[in-house]
Amino acid sequence: MPRYLMSYYADDTSPPTPEKMMAIGEFGMKQAAAGKLLESGGFLGISQGAEVKLKAGKFTVADGPFPETKELIVGYAIVKAKDRAEAIEQARMFMEIAGDGWAEIRQMVNPQEEGHH
């Protein structure tokens with residue numbers, strides 16, 4: 001069954017309420033028990049991050065925060081879904097709990113799987 005990476009960008013980047021965290025946790029446990037959620041997590045603020053670049057052979061590192069950041073990934077999930085439509089439905093169900101924002105959904109490639117050598 002294909003795997004998909006979902007990156008979630010929240011409109012409101014303030015920490016979720018305990019009630020919202022509990023609802024998200026319950027949803028995750030149900031999805032994991034159904035064999036659909038393989039992994040998920042959130043991220044600390046951008047002040048704790050680093051930006052790394054390689055350009056023309058020069059490697060640079062900049063510590064966060066990054067004032068030019070307009071969109072910030074606040075969480076991710078790796079899910080199993082029979083197809084893209086099912087992955088989109090899983091994202092919709094999650095976002096109804098997590099709140100306004102948007103998600104990027106991309107099918108993952110495993111080099112060991114047939115057709116990806």
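These numbers come from a predicted model, not from an experiment.

Definitions and limits used
- Residues numbered from 1 in each chain as written.
- Predicted model: local features only at pLDDT ≥ 70, side-chain atom pairs only at ≥ 80, totals over all residues.
- Heavy atoms only, no water.
- Helix = DSSP H or I, 4+ residues; strand = E, 2+ residues; numbered from the N terminus.
- Buried < 20%, exposed > 50% of the residue type's maximum accessible area, 1.4 Å probe, protein only.
- Polar contact = N/O pair within 3.5 Å; in protein donor to acceptor, adjacent residues only side chain to side chain.
- Contact = heavy atoms within 4.5 Å.
- Core = buried A, V, L, I, M, F, W, Y, C linked by side-chain atoms within 4.5 Å.
- Expected span 1.5 Å × (residues − 1).
- Arc of directions from axis to C-beta.
- Pairing = 2+ DSSP bridges.
- Axes fitted to C-alpha atoms, helices over the stretch in contact; angles between N-to-C directions.
- Phe/Tyr/Trp six-rings, centres within 6.5 Å; stacked < 30°, edge-to-face > 60°.

## So, the side chain of glutamate 86
So, point 1. Checked against the element boundaries, glutamate 86 lands in helix α2 (residues 84–98).
So, point 2. Owing to a relative accessible area of 18%, glutamate 86 belongs among the buried residues under this scheme.
So, point 3. At 3.4 Å, the side chain of glutamate 86 forms a polar contact with the side chain of lysine 36.
So, point 4. Once residues lying within four places of it in the same chain are set aside, the contact partners of glutamate 86 are Lys36, Lys80 and Ala81.

## A short note on the nonpolar core
So, point 1. By size, the foremost hydrophobic cluster in this structure holds eight residues: Tyr4, Met6, Leu37, Ala77, Val79, Ala81, Ala87 and Ala91.
So, point 2. Elements with a contribution of two residues or more to this core: β1 (3–10), β5 (73–80) and α2.
So, point 3. Beyond its immediate chain neighbours, meaning those up to four positions away, alanine 87 contacts Tyr4, Met6, Ala81 and Ile105.

## Some points on helix α1 (residues 18–33)
So, point 1. Under the 1.5 Å per step criterion, the end-to-end length of α1 is 22 Å for 16 residues, consistent within 8% with the ideal 22 Å.
So, point 2. All of the buried residues along α1 are Phe27, Gly28 and Gln31. Buried residues of α1, viewed axially, fall in a sector of 100°; they line one side. Residues of α1 that are exposed and point more than 90 degrees away from the buried face comprise Pro18, Glu19, Met22, Met29, Lys30 and Ala33.
So, point 3. Just beyond α1, the residue with positive phi is glycine 35, at close to 80°.

## As for the sheet that holds β5
So, point 1. The sheet built from four strands is open, its strands ordered β2-β5-β1-β6 with antiparallel pairing. Each end of this open sheet is capped by a strand with a single partner; those strands are β2 (37–42) and β6 (101–107). When strand polarity is set aside, the average angle formed by the axes of neighbouring strands in this sheet is 15°.
So, point 2. The pairing of β1 with β6 spans seven bridges and is classified as antiparallel. Residue leucine 5 lies in a different strand from β6, and its bridge partner there is arginine 106.

## Considering the packing of aromatic side chains
So, point 1. Applying the stated criterion to the full structure yields four aromatic pairs.
So, point 2. Between tyrosine 8 and phenylalanine 94 the ring centres are 5.2 Å apart and the planes differ by 90°, which places this aromatic pair in the edge-to-face class. With tyrosine 8 in strand β1 and phenylalanine 94 in helix α2, this pair connects stretches of sequence that are 86 residues apart.
So, point 3. Assessed through its relative accessible area of 24%, phenylalanine 94 is described here as partly exposed.
So, point 4. On the basis of an interplanar angle of 40° and a centroid distance of 5.7 Å, the ring pair of phenylalanine 43 and tyrosine 76 is categorised as tilted. Taken together, the residues phenylalanine 43 in the loop between β2 and β3 (50–55) and tyrosine 76 in strand β5 connect sequence positions 33 residues apart.
So, point 5. An aromatic cluster is defined as three or more aromatic residues linked by ring pairs; in this entry it consists of Tyr8, Phe27 and Phe94.

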